[in-house]
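Given next are the chains, with one letter for each unit.
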Amino acid sequence: MTDSRPRMFDGLKVVDAGSWVAGPVAATILADYGAQVIKIEMPTGDPFRRLAQGPGTPDADIDYAWAQDARNKRSIALNLKTPQGIEVLKKLVAECDIYVTNYPLAMRRKLGLTYEELKPLNQRMIYASLTAYGEQGPEKDREGFDLIAYWSRTGLMDLVRQADAKPALSIPGMGDHPTAVALYAAIVSALYQRERTGEGSLVHTSLIANGTWAASCIAAAKFADGSDFSNYPSLTAKYFTRELYQTRDHRWLQFTMVRTPEEISTFFRVLDASYLLDEPQFQTTRGRIESGAALANAIQPILAQRDANEWIAEFKAAGVPVSMVGSIHDLPDDPQLIANGILREPDEAIGSDYVINHPVNVEASGRAPIKRAPDVGEHSDAILMELGYEQADIDRFRASDVIA
């Protein structure tokens, strides 16, 4: 369906000089709101194109990860190891509003693509930098992905597990996508500053910064006076509402915020198990914590007698906070995702019924129609012509492997 509202970034020119997810997806959000995004790819293509064909990923007829995250962009396949390739990129920089990059810092210095080197070409340019470990410090040149820099390094991997279980791996892009939103926020902040000053600026974020931020409700305790982790996560994990309970249909229920005497009484009344609260070890909050495993073991066989949706209906009617642990197989049938635009139908055939929308919503702005992600170098010739190159130049570039 056509969105007739004006788009807030119509006319904005963006150079997406990055690969994989966290940097480029910030440009995808800009494109969804109307920006013209040119994706710079190596002649062999962004390696992210091959993620969906990797071992252990779901099979499909299309490269679904690329279709999702590279939509609404044009691609130029540019060999930046050649002087002519750098020349073309610098012409694009001179005309752009925003330059997004997650090239490793050492690579940027080698190619002459640091902020300090590009700024003289375009004083109004916003240079958006994404790194794994930050712009400064002994690891600033270290390459990294979200599994390590966001998930493992920051303590999230260690925190998100039962006390007696080994740490769990993250899924692909789990830290990249929220980090991309942080980079987008930095870009939009810089656009606002440019409106006030007329000057562009360097903005940046990192995977390690966003992972630490995600862990901060617990990690902040490490810096507090008198901090003591001896009761974490052991006591919390033993509280009966922190357990997961399996139902008859092999789904899992998660309860939360069942705390007050009234809430606890209601919880056990729905279970038809109020008699458990008469047992001495379960009569107080401290007792329910200290005997948490025993209480959970008493609750589990009761919940296993019925299907998840039956229990959810009863608990919701009684005002007890409960949720079924979701599966990605539930997503296509979740009415909330459609109602809130979390899933969007593409505006042309891309081999997928929906794409997953980014989480930034501005009701006053229209959204660009969702177009398919580009093939490698699909728009190389058109982009070069827009920069003033003649067909003879383009043929020469292709013959000398400057473009593909």
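Structure first, text after, so check above.
Conventions and cut-offs
Residues numbered from 1 in each chain as written. Predicted model: local features only at pLDDT ≥ 70, side-chain atom pairs only at ≥ 80, totals over all residues. Heavy atoms only, no water. Pairing = 2+ DSSP bridges. Helix = DSSP H or I, 4+ residues; strand = E, 2+ residues; numbered from the N terminus. Axes fitted to C-alpha atoms, helices over the stretch in contact; angles between N-to-C directions. Contact = heavy atoms within 4.5 Å. Parallel < 35°, antiparallel > 145°, perpendicular 65-115°, else oblique. Left-handed = near helix turned anticlockwise from the far one by under 90°. Phe/Tyr/Trp six-rings, centres within 6.5 Å; stacked < 30°, edge-to-face > 60°. Buried < 20%, exposed > 50% of the residue type's maximum accessible area, 1.4 Å probe, protein only. Polar contact = N/O pair within 3.5 Å; in protein donor to acceptor, adjacent residues only side chain to side chain. Right-handed = clockwise from strand over helix to strand, strands pointing away. 1 Å grid on protein atoms, 1.4 Å probe; cavity = no way out; pocket = protein on both sides within 12 Å on 5 of 7 lines; lining within 4 Å. Points joined across faces, edges and corners; volume = space filled by probe spheres on them. Nonpolar A, V, L, I, M, F, W, Y, C, P; charged D, E, K, R; others polar. Arc of directions from axis to C-beta. Patch = residues over 30% accessible without salt bridge, like charges linked within 9 Å, V, L, I, M, F, W, Y side chains within 5 Å. Areas by Shrake-Rupley, 256 points an atom, 1.4 Å probe, with all protein chains shown as cover. Salt bridge = Lys/Arg side-chain N within 4 Å of Asp/Glu carboxyl O. Core = buried A, V, L, I, M, F, W, Y, C linked by side-chain atoms within 4.5 Å.

Peer 1: Before we go on, may I ask you to explain the sheet that holds strand β7 (residues 244-246) in this structure?
Peer 2: Within a sheet, each strand pairs with its neighbour through backbone hydrogen bonds, oriented either parallel or antiparallel. Strand order in the open sheet formed by 3 strands is β7-β8-β9, with antiparallel pairing between adjacent strands. Either end of the sheet is taken by a strand with one partner, and the two such strands are β7 and β9 (322-324). Strand-to-strand twist in this sheet, taken as the mean axis angle between neighbours without regard to direction, amounts to 30°. Alignment of strand β8 (residues 252-255) against β9, held across 3 bridges, turns out to be antiparallel. For Q254, the partnering residue across the bridge sits in β9 and is S323. This element, helix α15 (residues 308-317), spans β8 and β9 of the sheet and lies at about 160° to β9.

Peer 1: How should the packing of helix α1 (residues 22-32) against helix α8 (residues 176-197) be read in this particular structure?
Peer 2: In the contact formed by α1 and α8, the axes pass within 8 Å of each other and the chain directions differ by 60°. When the interaxial angle is binned, α1 and α8 end up oblique. The interaxial crossing formed by α1 with α8 has right-handed handedness. Every residue of α8 that contacts α1 at A22, G23, V25, A26, I29 and L30 is listed here: D176, H177, T179, A180, V181, L183, Y184 and I187.

Peer 1: Sorry, what's going on with the packing of aromatic side chains here?
Peer 2: Centre-to-centre distance and the angle between the planes together describe a pair of aromatic rings. Following the criterion strictly, the structure yields 14 aromatic pairs and no others. Summarising the aromatic geometry, the rings of Y115 and Y127 are spaced 5.6 Å apart at their centres and angled 65° between planes, so their arrangement reads as edge-to-face. One end of the pair, Y115, is in helix α5 (residues 115-118); the other, Y127, is in strand β5 (residues 126-131), with 12 residues separating them in the sequence. Its relative accessible area of 2% is what places Y127 among the buried residues. Seen in terms of ring centroids, Y389 and F397 are 5.3 Å apart; in terms of plane orientation they differ by 65°. Their pairing is edge-to-face.

Peer 1: Mind showing me how you'd approach the side chain of T131 here?
Peer 2: Here T131 is to be found in strand β5. Reaching out from T131, the side chain makes a polar contact with the backbone nitrogen of G134 at a distance of 2.9 Å. Not counting residues within four places of it along the chain, the set of residues in contact with T131 comprises L105, R108, T205, S206 and L207.

Peer 1: Please explain the pairing of strand β2 (residues 36-41) as it appears in this structure.
Peer 2: Residues in a regular strand point their side chains to alternate faces of the sheet. For β2, the tally of buried residues reaches 5 of 6 residues, placing the bulk of the element in the interior. Traced from strand β1 (residues 13-17) through α1 to β2, the parallel crossover comes out right-handed. Relative to strand β3 (residues 74-77), β2 runs parallel, the two sharing 4 bridges. Bridged to I40 within β3 is I76.

Peer 1: Help me out: how do you make sense of the environment of L113 in this one?
Peer 2: Its place among the elements puts L113 in the loop between α4 (105-111) and α5. The class of L113 is buried, set by a relative accessible area of 1%. Separated by 202 residues in the primary sequence, L113 and F315 place their C-alpha atoms 58 Å from one another. Those residues within four positions of L113 in sequence are excluded, and the remaining contacts are L80, I86, L89, Y99, Y103, R108, L118 and Y127.

Peer 1: Explain empty space enclosed by the protein here, please?
Peer 2: To find leftover empty space, one rolls a probe the size of a water molecule over the atoms. All chains considered together, the criterion is met by 1 cavity of 30 Å³ or more. The volume enclosed by the largest cavity comes to roughly 40 Å³. Lining the largest cavity, in full, are W20, V21, P24, V25, K39, D46, F48, W66, D69, A70 and K73. Contributing elements (two or more residues each) for the lining of the largest cavity: α1 and α2 (64-69). Here the lining of the largest cavity is composed, by residue class, of 7 nonpolar, no polar and 4 charged.

Peer 1: Which parts of the structure should I look at to understand helix α18 (residues 391-399)?
Peer 2: The periodicity of an α-helix, 3.6 residues per turn, causes residues three or four positions apart to be oriented the same way. Every buried residue of α18 is accounted for by D393, I394 and F397. Around the axis of α18, the buried residues are gathered within 100° of arc, so they sit on the same side. In α18, the exposed positions that point more than 90 degrees away from the buried face belong to A392 and A399. On the buried face of α18, the contacting elements are α3 (83-95) and α17 (380-386). With its phi angle positive at about 65°, D401 sits one or two positions after the end of α18.

Peer 1: Even after reading the chapter, I still don't get a nonpolar patch on the surface, so can you show me in this structure?
Peer 2: Where nonpolar side chains cluster on the molecular surface, the patch consists of L147, I148 and L169 and spans about 270 Å² of accessible area. Residue placement: I148 occurs in helix α6 (residues 146-152). On the basis of relative accessibility, which here comes to 38%, the residue I148 falls in the partly exposed class.

Peer 1: Honestly, the nonpolar core in this entry has me stumped. Any pointers?
Peer 2: Proteins that are soluble and globular tend to have nonpolar side chains buried together. One finds F9, V14, L30, I98, Y184 and I187 to be the most contacted residues of the largest nonpolar core, which totals 35 residues. When residues of this core are traced back to their parent elements, those giving at least two are α1, β4 (98-101), β5, α6, α7 (156-159), α8 and α9 (207-214). Look past the residues within four positions of V14 in its chain and what remains in contact with it is A27, L30, A35, Q36, V37, I38, I98 and V100. Counting 29 residues, the second-largest nonpolar core is a separate cluster that includes V93, L384, F397 and I403.

Peer 1: Please explain the sheet that holds β5 as it appears in this structure.
Peer 2: Within the open sheet, the 6 strands sit side by side as β3-β2-β1-β4-β5-β6. Their pairing is parallel. Strands at the two margins of the open sheet, each flanked by one partner only, are β3 and β6 (201-206). Put simply, the sheet's adjacent strands are angled 20° from each other on average, direction ignored. Relative to β4, β1 is paired through 4 bridges, and the arrangement is parallel. If you follow A17 over to β4, its bridge partner there is T101.

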